[in-house]
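What follows is each chain in one-letter form.
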Amino acid sequence: MVNVNSLSSVDVGLGKTFLINRTSGRWAVVAHEAMRLLHSTETADAEPRRALLEQLAAKGVFNAPYSPPANLNTLILKVTKKCNYGCKYCYDLEADDAWIDIKLETAMAAIDEALRLAHAPNTGLVHPDLGVILHGGEPTLRFDLIKQIVIEGRRLAKEYGKTVSFSVQSNLSLLNDDMVQFSYENDLAWGVSMDGPPEINDKFRVLHSGRGTYSYFDRALEKYPDFVRKCGVMTTVTSATEDHLLQIARHFRDCGLSVWKWSLFQSLGVARKMAARRSSTPPRRSTPHGTLCATPSRPVSSMVLKSVRCSTT
Ligand code: SF4
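Description of the structure in this document. Predicted model, so just to flag it, every value in this text is computed and none were measured.

Right, let's get into the environment of V233. By the secondary structure assignment, V233 is in strand β8 (residues 232-237). A residue is classified by how many C-beta atoms lie within 10 Å of it, and V233, with 23 of them, is buried. The spatial distance from the C-alpha of V233 to the C-alpha of D195 is 8.5 Å, given a sequence separation of 38 residues. If we ignore the near neighbours within four places in the chain, the residues touching V233 are V192, M194, F252, L257, V259 and W260.

Given below as structure tokens:
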């Protein structure tokens, strides 16, 4: 018997829904019509619904028992949902989310389980068994909690005879002497989320008031140049920035930062509104993203657009 209640779904725009089995981590991207069928009790829908459920079951979205990942080496902990920024594309905060912080016991239970499962990849290079990324919202809003997690996590790793590294993904706006000193003393690495020079960064990365945020990065760089230059930069690439990647890379190089990574815009959380606005206007050009979109008139066989198990590595 299929248990539809074990699934959570998020409308990701463009006629698609992200569907995940909360127990197994198996997920699929399906057309809106598939979601209607899943919840339908109409007799006329019985056959297409059965076919859809069979298809999802075959992909493990239903009835797949929880099996711990065999190659876990990274744990992302959301320290807090709160953020002092109000980026227009923030994927993190859903409309009905509360601005909650993680409890220390929850964080430690997650690290404990991850340490039991983790082992360093066999690449010939030196890796910690487990890398813990302290994420948000803006995690430095709870730096008191971060200190406890890092100290306790290292103690726990020692008990397991394993190695653990900790890093913080931050906007750096609250960086202060205490954070810098603790990080040097406890080998805490940092990543900064930034989109490029002010005219690019401040398009989306803004305060709740709508004011741009580049000046906060500038202040941190001026006050703690050596510390900030060791941070890796993470840029969110959107249709507004995709044509400026070289300019962005050069900007961070000129700031003295040596590591630059990027990830693609995801239409989740607040960002869903942006995606919805874009999907109501003709696309500027066709993108690979657009090829995932299915229309409700498609047969069941094409309603499951993509499915994979959530990756933890
Ligand atoms: S994307 Fe912006 S608003 Fe969202 S958590 Fe990061 S800094 Fe905060």
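Take the nonpolar core next. Of all hydrophobic cores here, the largest spans 34 residues; its most connected members are L77, L115, L130, V132, L134, I146 and V192. Of all the secondary-structure elements, those providing two or more residues to this core are β4 (74-78), α3 (104-117), β5 (130-135), α4 (143-160), β6 (164-170), β7 (188-193), α7 (214-223) and α9 (245-255). Apart from the residues lying within four places of it in its own chain, the contact partners of L134 are L77, V79, P139, I146, I149, F166, S167 and V168. Membership of the second largest hydrophobic core comes to 13 residues, among which are A28, L38, L56 and F62.

Right, let's get into α4. An ideal rise of 1.5 Å per residue puts 26 Å on 18 residues; α4 measures up with 25 Å between its terminal C-alpha atoms. Among the residues of α4, those classed as buried are F143, I146, I149, V150, G153 and A157. Looking down the long axis of α4, one finds its buried residues gathered within 100 degrees of arc, a one-sided arrangement. Of the exposed residues in α4, those oriented more than 90 degrees away from the buried face are D144, R155, K158 and E159. On the buried face of α4, the contacting elements are α3, β5, β6, α5 (177-186) and β7.

Sheet architecture is open: six strands sit in the order β4-β5-β6-β7-β8-β9, paired in parallel fashion. Among the strands making up the open sheet, the edge pair consists of β4 and β9 (259-264). Strand-to-strand, the axes of this sheet are offset by a mean angle of 25 degrees, without reference to chain direction. Two strands pair when backbone bridges link them, and β5 and β6 are joined in this way by five bridges, in the parallel orientation. Looking at the pairing, L134 lines up with V168 of β6. Across the sheet, α3 lies against β4, β5 and β6, angled at about 175 degrees from β4, the strand it touches most.

Basis of the calculations
Residues numbered from 1 in each chain as written. Predicted model: local features only at pLDDT ≥ 70, side-chain atom pairs only at ≥ 80, totals over all residues. Helix = DSSP H or I, 4+ residues; strand = E, 2+ residues; numbered from the N terminus. Buried ≥ 20, exposed ≤ 12 C-beta atoms within 10 Å, placed from the backbone. Contact = placed C-beta atoms within 7 Å. Core = buried A, V, L, I, M, F, W, Y, C linked by C-beta atoms within 7 Å. Expected span 1.5 Å × (residues − 1). Arc of directions from axis to C-beta. Pairing = 2+ DSSP bridges. Axes fitted to C-alpha atoms, helices over the stretch in contact; angles between N-to-C directions.

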